[in-house]
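Structural overview for review
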Amino acid sequence: MIRLENVSKTFHTESGAVAAVKNVTLHIHAGEIFGIIGLSGAGKSTLVRCINLLERPDSGTVTVDGRTLTALDDKALRHARTSMGMIFQQFNLMPSRTVFHNIAWPLKKQKLPAEQIAARVRELLELVDLTDKENAYPSQLSGGQKQRVAIARAIASSPKVLLCDEATSALDPATTRSILALLKKINRTLGLTIVVITHEMAVVKEICDRVAVMENGFIVEQGDVLDVFSAPQATVTKSFVDSTGNLSKLTEMVEEQSPVVALKPGEVLARLKYLGRSADQALISRVSRQFDVDCNIIFGSMEVIRDATIGNLGLIFSGEPDNVRDAVKYLSENNVQIEVIDR
């Protein structure tokens, strides 16, 4: 559905040139939810604006649904953009117009009959669960309701692609979950290809099929969300993954000499990650019995990402050194990733 080939974009400012996107190649499949994650200034918002050519790349090509947008003139580009909707962090609703008229705006620009517009708006209000807010004004809505209106407006013209630029960043966690659930519903029922720009790994693992990680304008890693989440390669990706759980605190606790991770002679502090079948087995209790070691779990979590279970544990092994070594080896042989933090 979307093909970016060697796309670059540089801004020229008073203080000099800023290369926001550098030689990016991405292929996004029809009907998938694709995440682009990065820290502030990584270039992700510029990249998503290159997809619909709100920012025209300096080099490279952008193709959406078989049309090479970078080769179109302004008139043809305006027409091509009707197949792409976009939502933003700040909603961008017209404050002087009701919910009905905000959603109807792109349909009126197409000069559709009034009865057809009304029918489409009410269909969308039902889809986004706002049938009782038709005559309300944006100032009377919560943040989540405003974003639902923005989503309805963005898909009013039945686009094939929906671009979401930090669409949940201004929302509280509960509202964020409801908006992500709505986006998944739209993706599933309408077959819409959705591109999600975010700085939160929790958003990616909740909604996306695949993800690309940006840093300093480059794509440093991309792939299936489960693969990236379970075995991150780039340093920035590991940081994002760590931000979704407590295990990153282990190293900090060691550095701070926390009594929680204070070790006695022969003890080993380790971080474990396991997925798939390994996560469904009682491996910890098994190694405790089989190798005569104590396993003191400091903290841990279990998550389900795309129907696969991922487990994370921080624990202290206690016992005879040879037994501890054999227990660690056994876990490694059973597809458990083990990182020894301290001993």
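This report concerns the structure included in the present document. (Residues numbered from 1 in each chain as written. Predicted model: local features only at pLDDT ≥ 70, side-chain atom pairs only at ≥ 80, totals over all residues. Heavy atoms only, no water.)

1. Overview of the sheet that holds strand 6 (residues 84-88)
Spatially, 6-7-8-3-9-10 is the arrangement adopted by the 6 strands of the open sheet, whose pairing is mixed. The open sheet has two free edges, formed respectively by strand 6 and strand 10 (218-224), since each of these has just one partner strand. With strand direction ignored, the average angle separating the axes of adjacent strands in the sheet is 15 degrees. The sheet contact formed by strand 6 and strand 7 (residues 161-165) spans 5 bridges and is parallel. Bridging across to strand 7, Gly85 finds its partner in Leu162. (Pairing = 2+ DSSP bridges. Helix = DSSP H or I, 4+ residues; strand = E, 2+ residues; numbered from the N terminus. Axes fitted to C-alpha atoms, helices over the stretch in contact; angles between N-to-C directions.)

2. A look at the layout of surface pockets
Left-over empty space is what a probe sized like a water molecule reveals as it rolls over the atoms. Each pocket or cavity is described by its volume, and for the largest pocket that value is around 660 Å³. Lining of the largest pocket is provided by 17 residues; of these, Arg81, Met84, Gly85, Pro106 and Lys109 occupy positions nearest its centre. Breaking the lining of the largest pocket down by element, the ones donating at least two residues are strand 6, helix 3 (99-109) and helix 5 (143-154). Counting residues per element, the lining of the largest pocket draws most heavily on strand 6, which supplies 4 residues. For the lining of the largest pocket, the residue count by class is 8 nonpolar, 6 polar and 3 charged. (1 Å grid on protein atoms, 1.4 Å probe; cavity = no way out; pocket = protein on both sides within 12 Å on 5 of 7 lines; lining within 4 Å. Points joined across faces, edges and corners; volume = space filled by probe spheres on them. Nonpolar A, V, L, I, M, F, W, Y, C, P; charged D, E, K, R; others polar.)

3. A few points about the sheet that holds strand 1 (residues 2-13)
Spatially, 4 strands are ordered 2-1-4-5 in an open sheet, and the strand pairing comes out antiparallel. What marks the edges here is a single partner per strand, and that holds for strand 2 (16-28) and strand 5 (67-68). Note that strand 1 and strand 2 share 9 bridges and pair antiparallel. Residue pairing in the sheet places Thr10 in a bridge with Ala19 of strand 2. Sitting on the sheet, helix 1 (residues 44-51) touches strand 1, strand 2 and strand 4 (59-64), and the angle it makes with strand 1 is about 120 degrees. (Contact = heavy atoms within 4.5 Å.)

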